[in-house]
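Observations on chain architecture
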Amino acid sequence: MKSASGACERPMPFPWTGRVIALVTVLALADLLKHLALMAAGQVQPWGDSTVYWRMADAVAQGDWWLAEHPVAYRTPGYPWFLGLIRSLTGEHALFVTVIVQHLCVWLTSLVTAAMTWQMTRSVRAMGFAWAVCVCSTARPLYANWLLTESLATFLLVLTCWLSLLAWHCGCWKRWMFAGFVLGCGVLVRPSLLAAFPAMLILELWSARKSHSGWPCRILVATAAPVMFSLTLLPWCLRNQLLFERFSLVVFTGRELWTANFSPWPGAHLDDPETSAAREVHQRIGAAPIDWRHNWSTARALAESGLNDVAVDELMEHMARDAIARQPWRAAGCTFARCATFWYCWEWPTDLIEEPADIRAQRVYADQYRWQSPGWTRTMMALMEWTPERQRFTSLLGILLAGTGLIWLVALPATRPAGVYIALILLATTFLTATLEIPLYRYRCGLEPLLIVAAVAGLWVRLASRSTIRLP
């Protein structure tokens with residue numbers, strides 16, 4: 001925080017002793033070896049989203065940075081820009097380089113996770129334990145092998161949290177501005193990171209309120225992050241205004257409400273509302289051999305009927321809202337249940353061996369160099385069966401430890417701001433996902449570093465409060 005003179009207090013220096021350097025070196029190398037082993041499992045892309053992102057990246061690599069030739073409003077440009085830049089620079093090695101960069105992002109995420117733990121506890125042991133837990137994590141790092149937003153978005157989220165906590169202690173508007181910019185980049189990569197914005201804004205206002213500076217400086221501190229955040233998103237909102245006459249970051253609410261409310265359990269499985277919007281949907285779908293409860297099949301059929309991307313989403317949103325209005329208690333109850341399911345679900349194995357049925361999808365990457373060793377891949381698949389995130393007991397135990405640690409962080413005045421900040425992000429992400437999606441580990445794994453920080457730092461705070469250890 002700032003002193004009475006307005007000068008920013010210098011943070012407590014990290015104790016770079018010989019033992020600490022040895023500990024950091026061992027953990028960094030162990031984490032790096034884990035990533036090399038996972039990366040060597042191959043670059044087969046078993047996800048449909050990966051193909052969509054790669055095609056958008058092709059357009060970016062050819063100079064269509066605003067994706068005017070790829071007129072969709074349900075995707076943000078951050079990840080296609082990331083892939084397109086790598087593709088334009090590395091050509092046929094772009095897929096392999098992307099995987100390397102994404103593993104580096106996960107490795108840096110572990111480093112920032114450890115730094116956040118140190119910042120909250122001032123304990124090298126707590127920091128080392130948090131990093132060791134990251135080293136033992138293998139489900140989330142495996143996503144770096146695939147063209148999905150998880151690895152990059154998680155890094156940007158954790159970096160935002162770290163920068164926000166640094167800005168809280170310093171009260172410096174420049175750090176808040178940088179935090180707002182990083183979160184804006186994260187939202188451009190993965191729109192669900194919007195859930196972190198209210199938490200950052202509350203912490204920033206809290207920081208301005210406790211500042212000893214004058215009102216002009218306080219106003220600057222209170223507005224730096226949201227202004228920079230808004231400016232980062234503004235160009236893409238203007239693009240959507242020009243293409244679709246919708247000044248918004250992304251248009252996807254209709255598809256997501258469709259998933260949450262028409263899908264089988266844990267979706268609400270609502271009845272067809274038989275309203276004018278519903279009749280138009282079924283009329284446009286016609287006799288297409290699809291399940292109308294599947295959102296992407298329905299969206300594709302509606303697009304083929306002549307609607308643009310925004311019109312498709314608006315029509316689906318109208319029908320979904322009609323169904324919710326007719327069965328509000330069922331919709332609300334299932335949303336409540338999905339809030340619990342968000343924390344109850346765990347990871348399941350993914351087939352890393354290319355199957356004949358997937359060859360058509362793999363042709364998208366036919367020009368790309370890809371490492372593939374079936375023997376090593378099968379070995380990794382067998383070892384991955386033991387990863388903690390794929391076990392029901394260890395997954396739930398981790399959630400319980402993180403929740404308990406978070407309570408202890410909030411209870412202690414010295415760590416309360418960090419505890420409240422993390423708790424708000426977890427709550428907002430839970431509600432947003434439960435409202436718009438069917439919960440999966442993939443949607444929760446981005447919060448895993450924050451859960452590690454909460455569990456380890458909370459445990460240390462509890463031990464410190466019962467001893468003579470002095471907290472910051």
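These notes cover the structure that comes with them. What you are looking at is a predicted structure, and each value in this text was computed from that prediction instead of being measured. (Residues numbered from 1 in each chain as written. Predicted model: local features only at pLDDT ≥ 70, side-chain atom pairs only at ≥ 80, totals over all residues. Heavy atoms only, no water.)

The residue R190 is located in the loop between helix 8 (173-189) and helix 9 (196-210) in this model. Side chain to side chain, R190 and E150 meet in a polar contact 2.9 Å long. Ignoring any residue separated from it by four or fewer positions in sequence, one finds R190 in contact with T76, T149, E150, A153, R442 and Y443. (Helix = DSSP H or I, 4+ residues; strand = E, 2+ residues; numbered from the N terminus. Polar contact = N/O pair within 3.5 Å; in protein donor to acceptor, adjacent residues only side chain to side chain. Contact = heavy atoms within 4.5 Å.)

The end-to-end C-alpha distance of helix 5 (residues 124-136) is 18 Å, a good match for the 18 Å that 13 residues give at a rise of 1.5 Å each. Those residues of helix 5 that sit buried are A126, M127, G128, A130, W131, C134 and V135. Backbone nitrogen of R125 and a side-chain oxygen of the N-cap are separated by 3.3 Å at the start of helix 5; the cap is S123. (Expected span 1.5 Å × (residues − 1). Buried < 20%, exposed > 50% of the residue type's maximum accessible area, 1.4 Å probe, protein only.)

As a further point, take unusual backbone geometry. A cis amide bond links W265 with the next residue in sequence, P266, at an omega value of 10 degrees. Examined against the element boundaries, P266 turns out to sit in the loop between helix 11 (253-262) and helix 12 (276-285). A positive phi angle is found at E245, which is not glycine, with a value near 55 degrees. With respect to the helices and strands, the residue E245 is situated in the loop between helix 10 (215-244) and helix 11. Residue E274 is not a glycine yet carries a positive backbone phi of 55 degrees. For E274, a relative accessible area of 57% translates into the label exposed.

You can see T341 is positioned in helix 15 (residues 328-344). The buried category is assigned to T341, whose relative accessible area is 19%.

Our next topic: the side chain of T259. For T259, the position within the fold is in helix 11. Overall, T259 belongs to the buried group, its relative accessible area being 9%. Setting aside chain neighbours within four positions, we find T259 in contact with N295, L436, E437 and I438.

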